[in-house]
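For reference, the chains in residue letters:
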Amino acid sequence: MKKTILAVSAALMSLCLCAQPMQVLSASCADTTAVADEVVELPLNNIAVDKMNVLSMLIAILGASPTYTHESDTEGYREINSGMFESYDLLTERIQETTRGKLREELLAEAAQNVILVNGKFCVKENGRSYYSFPTASGVELTKVTDDTFSATTKEASELYGKGTAHFVKEGGEWRISLYSFSDSENTLDELALSKVKDLNLILAIMGGSPLYTEPTDNEDLLKIKDERFTTMYDFHTLIESVTGNELRQSLLIESEKCITDYKDALCVRKSERAYYSFPLGQGLKFLNKTDDSFTAETVEKDALNGVGQVYFSRYGDNWYIDHYQFSNSEFSLENEANGKLDELNMIIAVLGASPACTEDSGTEGFAKITDPRFDTSEELLAAIDSITAGNLNETLHKEYIENVVEVKGELCVKQQGRSFFSFPLATGVTISDQTNESFTAKTNSASDLFGYGTAFFGKEDGKWYVVHYQYGDEQPSDVTFGDPNGDGKIDAKDASTILVEYSKMSTGGEGSLSDAQKSAANVNGDDKIDAKDASFILSYYAMASTATGDVPTMAEFMASKSE
């Protein structure tokens, strides 16, 4: 249904829609001669295009579009780089010249709220919202032309929003836009995104051997794909190519070659114990960061294991493809969860062990005063223990608290132990494994000189993660070999993904999370950098190894052949 936009609210992505749809007639300019002569019609087209283009620019600037703004030195603001709007007065003048009525009021209010001078530069507040843009390259068609009003509809349609219509009213002898609309409603975008994400769910489920789409065969290692649309590998690849783009398409094509095969005239998938992502679509999708060439679709509901799913769409030519996806509780988010919980656990263990870093002499023999400002009372210390631990570990720490923590002369103190205590070495992060709906394991990527590597076992209670047990030792958290930085014993697209995640962290100024052994395994081209080139070589090796019929060279041999 077409919706008419009366005003731009404080969040332009939530453009205010009027209760009744605008009636847009299909008549062309030539059909309006009864109410406007040719002298009037020709400039009206030019006026409409000019005003609609200015309105597009105004909305884009107030939406902090990268087309008209660039990064500033002040966090949260972008500098406006259009010469037409190099001062606040110029911006408001253009709003006055282009719009009228409530639309003008809303745009002026938006400018007053979000456009400011920052360090002498004209800036707009970042907002992460989407914004409409009129596709006027092919001109407009005029309808409902009178001496004081007319409507202009773009001949060309935006892929995302459809044709744009602006309603003009003459004010003080000048034409102003009083309201506007687009022919494609949110429902059109919703249908497009839902269809693509449902297909992605199907692709991931089949490759993961979901019982919804596969059934047993007489070969215990293979499952027959039940969906009758997929009788050949070509059929499956066609679906992947119709839904995905860029690196996601390449990785899925390569992965499918490895896990899907023909068996007794049927397309089958190899059994796997691996989990696969599934987007929960029962409550639909909401949309973020919409432009004519890209948008993000986010699930309204959460998956019990993986959380909210986000799917990133881009337009290539006339079609939309999924470039990338992620989940709020992905393994990378679990890394952050584990790092945070283990850092707090380190602190609690240090306090209970009377570490000099957290305590000082209390003046009472045998007891040290707790100096960490987070634990001024016993209630605060117990609350911290309960917020990050559960099960046997929680019981053990409560017992240590009862035995060792007391108030001495009104101050919270801990019995001096004279013993060492374990601390998770977290400088290079952790690696997540054994993930299920209710548990996962986190292993440190580096070792302490005294205790070696640490492993923590997490469980979920009431939707929250807790450490239930931990252990430590001198062994590596995983066996990593050249080309296999994630240490799962296979060189595949997952290793390329591990490298790209590390590269992203490092290139944005963050700290990497790979151990020295993992870095050595990841740097396959030997240039002492971990970047997209290494990921590309690993994907090339994976493609070669997946289709090879004879002896498969090692990763080292493969790289040696590349340098010859």
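A brief structural summary. None of these values were measured; they are calculated from a predicted model.

**Re the sheet that holds strand β14 (residues 266-270)**
Right, on to step 1. The strand order across the open sheet built from four strands is β11-β12-β14-β13, with neighbouring strands paired in antiparallel fashion. The two strands at the open ends of the sheet, each matched to only one other strand, are β11 (214-216) and β13 (260-263). Ignoring which end each strand starts from, the neighbouring axes of this sheet average 45 degrees apart.
Right, on to step 2. Summarising the sheet, strand β12 (residues 222-225) and β14 pair through three bridges and their orientation is antiparallel. Paired with Leu223 across the bridge in β14 is Val269.
Right, on to step 3. On top of the sheet, helix α6 (residues 246-259) reaches β13 and β14; it is set at about 35 degrees to β13, its chief contact.

**Description of the environment of Ala350**
Right, on to step 1. Checked against the element boundaries, Ala350 lands in helix α7 (residues 331-352).
Right, on to step 2. Look at Ala350 and you get buried, because its relative accessible area is 8%.
Right, on to step 3. As for Ala350 and Ser423, which are separated by 73 residues in sequence, their C-alpha atoms are 7.8 Å apart.
Right, on to step 4. If sequence neighbours within four positions are ignored, Ala350 has contacts with Ser355, Cys358 and Phe421.

**As for helix α10 (residues 493-507)**
The periodicity of an α-helix, 3.6 residues per turn, causes residues three or four positions apart to be oriented the same way.
Right, on to step 1. Between its terminal C-alpha atoms α10 stretches 21 Å, which fits the 21 Å expected from 15 residues at 1.5 Å a residue.
Right, on to step 2. All of the buried residues along α10 are Ala493, Asp495, Ala496, Thr498, Ile499 and Glu502.
Right, on to step 3. Taken together, the buried residues of α10 touch α6, α11 (516-522) and α12 (532-547).
Right, on to step 4. By the N-cap criterion, in which a side-chain oxygen at the helix start approaches the backbone nitrogen of a residue two or three places on, α10 is capped by Asp492, the distance to Lys494 being 3.1 Å.
Right, on to step 5. Trailing α10 by a residue or two, Gly509 shows a phi angle of about 85 degrees, which is positive.

**Re the packing of α10 against α12**
Right, on to step 1. Between α10 and α12, whose axes approach to 8 Å, the crossing angle comes to 175 degrees. One element, α10, and the other, α12, form an angle in the roughly antiparallel class. Here α10 contributes Ala493, Asp495, Ala496, Ile499, Leu500 and Tyr503 to the contact with α12, which in turn contributes Ala532, Asp534, Ala535, Ile538, Leu539 and Tyr542.
Right, on to step 2. In terms of residue class, the contact of α10 with α12 is built from 10 nonpolar, no polar and two charged.

**Overview of a negative patch on the surface**
Right, on to step 1. Side chains of Asp376, Glu379, Glu380 and Glu407 sit close together on the surface and give a patch of like negative charge.
Right, on to step 2. Following the sequence through the fold, Glu407 ends up in strand β21 (residues 405-408).

**Some thoughts on the pattern of salt bridges**
Right, on to step 1. Going through the model one piece at a time under the given rule, you end up with eight salt bridges.
Right, on to step 2. Among the ionic pairs, Glu171 bridges to Arg176, the shortest N-O distance being 3.5 Å.
Right, on to step 3. Its relative accessible area of 24% is what places Glu171 among the partly exposed residues.
Right, on to step 4. Taking the shortest distance from any N to any O, the salt bridge between Asp227 and Arg229 comes out at 2.8 Å.
Right, on to step 5. Note on Arg229: relative accessible area 51%, which makes it exposed.

Parameters and conventions
- Residues numbered from 1 in each chain as written.
- Predicted model: local features only at pLDDT ≥ 70, side-chain atom pairs only at ≥ 80, totals over all residues.
- Heavy atoms only, no water.
- Pairing = 2+ DSSP bridges.
- Helix = DSSP H or I, 4+ residues; strand = E, 2+ residues; numbered from the N terminus.
- Axes fitted to C-alpha atoms, helices over the stretch in contact; angles between N-to-C directions.
- Contact = heavy atoms within 4.5 Å.
- Buried < 20%, exposed > 50% of the residue type's maximum accessible area, 1.4 Å probe, protein only.
- Expected span 1.5 Å × (residues − 1).
- Polar contact = N/O pair within 3.5 Å; in protein donor to acceptor, adjacent residues only side chain to side chain.
- Parallel < 35°, antiparallel > 145°, perpendicular 65-115°, else oblique.
- Nonpolar A, V, L, I, M, F, W, Y, C, P; charged D, E, K, R; others polar.
- Patch = residues over 30% accessible without salt bridge, like charges linked within 9 Å, V, L, I, M, F, W, Y side chains within 5 Å.
- Areas by Shrake-Rupley, 256 points an atom, 1.4 Å probe, with all protein chains shown as cover.
- Salt bridge = Lys/Arg side-chain N within 4 Å of Asp/Glu carboxyl O.
- Lys, Arg positive; Asp, Glu negative; His and termini not counted.
- Charge placed at Lys NZ, Arg CZ, Asp CG, Glu CD.

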